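# Survey of secondary and tertiary structure
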Amino acid sequence: LTWQITGSATAIGLVNVFRAVPLITLGLLGGVLADRFDKRKILVAIQIWSLAIHVTMAVIILAGWVQLWHVYLTAFLMGGGMAMNQPVRTSIIPQLLQGKLLVNAMSLNSIAINVTRLVGPAGVGFMIALAGDNVGPAYVVASALYVFIVISTTMISYPGRPLEGPRASMAADLMEGFRYMLLDNRTVLALVVLAMGPLAFAYTYVTLLPVFVTEVLDMDASGFGTIQSVSAIGALVGGFALASMGYVPHRGKLMLGTGLSYGAAVVLLGGVDVLLLVFAVVVVAGASQTIFRAANNTTLLDITPSRLQGRIVSLTFLDMGVQSMAAIVAGRVTDIWDVTTGMTVLGGMCIAVVVLIGLGAPAVRR
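Throughout what follows, the structure given in this document is the object of discussion.

Thresholds, definitions, all that
Residues numbered from 1 in each chain as written. Predicted model: local features only at pLDDT ≥ 70, side-chain atom pairs only at ≥ 80, totals over all residues. Heavy atoms only, no water. Helix = DSSP H or I, 4+ residues; strand = E, 2+ residues; numbered from the N terminus. Rg over C-alpha atoms; globule rule 2.2 N^0.38 Å. Buried < 20%, exposed > 50% of the residue type's maximum accessible area, 1.4 Å probe, protein only. Contact = heavy atoms within 4.5 Å. Areas by Shrake-Rupley, 256 points an atom, 1.4 Å probe, with all protein chains shown as cover. Lys, Arg positive; Asp, Glu negative; His and termini not counted. Charge placed at Lys NZ, Arg CZ, Asp CG, Glu CD. Core = buried A, V, L, I, M, F, W, Y, C linked by side-chain atoms within 4.5 Å. Axes fitted to C-alpha atoms, helices over the stretch in contact; angles between N-to-C directions. Parallel < 35°, antiparallel > 145°, perpendicular 65-115°, else oblique. Left-handed = near helix turned anticlockwise from the far one by under 90°. Nonpolar A, V, L, I, M, F, W, Y, C, P; charged D, E, K, R; others polar. Expected span 1.5 Å × (residues − 1). Polar contact = N/O pair within 3.5 Å; in protein donor to acceptor, adjacent residues only side chain to side chain. Salt bridge = Lys/Arg side-chain N within 4 Å of Asp/Glu carboxyl O. Patch = residues over 30% accessible without salt bridge, like charges linked within 9 Å, V, L, I, M, F, W, Y side chains within 5 Å.

### A closer look at the overall build of the chain
Along its length, the chain carries 16 helices and zero strands. For 366 residues, the compact-globule formula gives about 21 Å, and the C-alpha radius of gyration of the chain, at 20 Å, lands near that figure. By principal-axis analysis of the C-alpha atoms, the chain measures approximately 55 × 45 × 35 Å. Counting all 366 residues of the chain, 53% fall into the buried class. When contacts within the chain are restricted to residue pairs at least 6 apart in sequence, long-range pairs at least 24 apart make up 85% of them. Surface accessibility of the chain: about 15900 Å² in total, with carbon and sulfur atoms responsible for 70%. Measuring between centres, the 20 positive side-chain charges of the chain sit 14 Å from its 15 negative side-chain charges.

### What about the environment of Phe76?
Of note, Phe76 is situated in helix 4 (residues 68–97). Using a relative accessible area of 35% as the deciding quantity, one classes Phe76 as partly exposed. Apart from the residues within four sequence positions on either side, Phe76 is in contact with Phe18, Arg19, Val21 and Pro22.

### Some details on the nonpolar core
Core analysis: the largest hydrophobic core is formed by 53 residues, its most contacted members being Leu194, Tyr205, Phe212, Ile227, Leu269, Val278 and Met343. Membership of the second largest hydrophobic core comes to 15 residues, among which are Leu43, Ile46, Leu102 and Leu301.

### Let's talk about unusual backbone geometry
The backbone phi angle of Asp133 is positive, close to 65°, even though this residue is not glycine. Topologically, Asp133 is positioned in the loop between helix 5 (102–130) and helix 6 (136–154). Owing to a relative accessible area of 41%, Asp133 belongs among the partly exposed residues under this scheme.

### Notes on the packing of helix 3 (residues 39–62) against helix 6
Where helix 3 contacts helix 6, the two axes come as close as 8 Å, and the packing angle between them is 165°. Viewed along their axes, helix 3 and helix 6 adopt a mutual orientation that is roughly antiparallel. Of the two possible hands of crossing, helix 3 and helix 6 adopt the one that is left-handed. The residue makeup of the contact of helix 3 with helix 6, split by class, is 17 nonpolar, seven polar and one charged.

### So, helix 11 (residues 251–270)
Taking 1.5 Å of rise per residue, the 20 residues of helix 11 would be expected to cover 28 Å, and the 29 Å separating its terminal C-alpha atoms lies within 8% of that figure. Turning to helix 11, its buried residues number three or more, namely Arg251, Gly252, Met255, Leu256, Thr258, Gly259, Tyr262, Gly263, Ala265, Val266, Leu269 and Gly270.

### Considerations on the environment of Ile151
Examined against the element boundaries, Ile151 turns out to sit in helix 6. What makes Ile151 partly exposed here is its relative accessible area of 44%. In sequence terms Ile151 and Gly257 are 106 residues apart; their C-alpha atoms lie 39 Å from each other.

### Topic: the side chain of Thr74
Mapped onto the elements, Thr74 comes out in helix 4. In terms of polar contacts, Thr74 uses its side chain to reach the backbone carbonyl oxygen of His70, at 2.9 Å. Reaching out from Thr74, the side chain makes a polar contact with the backbone oxygen of Val71 at a distance of 3.1 Å.

### Some points on helix 12 (residues 275–302)
Between its first and last C-alpha, helix 12 extends 40 Å over 28 residues, near the 40 Å set by a 1.5 Å rise per residue. Burial runs high along helix 12: 20 of the 28 residues are buried.

### With respect to the pattern of salt bridges
Scanning all chains against the criterion turns up one salt bridge. Here Arg251 ties to Asp302 by a salt bridge, and the two come within 3.0 Å at their closest N and O atoms. Taken together, the residues span a long stretch of sequence, with Arg251 in helix 11 and Asp302 in helix 12 at a distance of 51 residues. Among the residues examined, Asp302 registers a relative accessible area of 44% and is labelled partly exposed.

### Examining a nonpolar patch on the surface
Together, Val141, Leu145, Val147, Phe148, Ile151 and Met155 make up an exposed nonpolar region whose accessible area comes to about 600 Å². Mapped onto the elements, Val147 comes out in helix 6. For Val147, a relative accessible area of 39% translates into the label partly exposed.

None of the figures reported here should be taken as evidence of function without further support.
Written out as structure tokens, the structure reads:
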């Protein structure tokens, strides 16, 4: 939608900035709430919030009122929901499992997300193309799906209970999370910084895909959706491979390896102009991203006490600040030079972060 309105890669990057601002400012609050209150009730409220935003945007687009500021505002509001959703969603998993099969569960969680990535982008892309490049019907369908999401969230059987008895202030809870990461467990800090490579820099290549698809491959919105769906196939393969393992040894080396392969895939993608080769590269990118994310989240949850898990997961949203800046830089580089250079910058930064942590944090390698 932003590309249709502006034709600017920088404007697309700004969408990520508006999404990231509440992620950075409210994400830590989401972690505190996750550790203090009933996680299922928080999740239900967040899904209702997202439903309302999608319905509003569908009306605005179908009525012909849409302007760029509408996109930026809804990105900001959705970012607020995501800031609350992700720490709660991730930290509830160990409680649902009662400490069993965490790697398998985190992998299956990634698979579930990537099933929607497999079906969603291609379906949305073709829907936009069939509607004469009108994204309004896609928002209508998304709104309908959010109704089912709200219903399914209420059906979660949640054994956990909010903390009882005297509590410290929310500010004190927040500082406790920072203190644990910075002073008590430096491996957590290294893992959070490591995630900036694949999940902040490399993942930002998605913001350049509309430019890549139109300018390099000479395709339309359906091509954009198809490439994202093919990437999800790789993510599914990687997720199932990880989920099939009862215990994953050498998780640190696995994270470093998949972080490097993700960065290399993004660099390579920028120089490819044959669709079949593009498919091959994004399959590698999708598999690397899923395996890295599952291994990183699982390790963070494993080495963190349960009472702090929501706050520690929320600290990973500081990566979103880096992602928003990376999107702006990559968009600007693309506008000045070309999309190949923009993707090379993103992939190269990913590789640099992974190498830095790999060399400087022996605890991660172990």
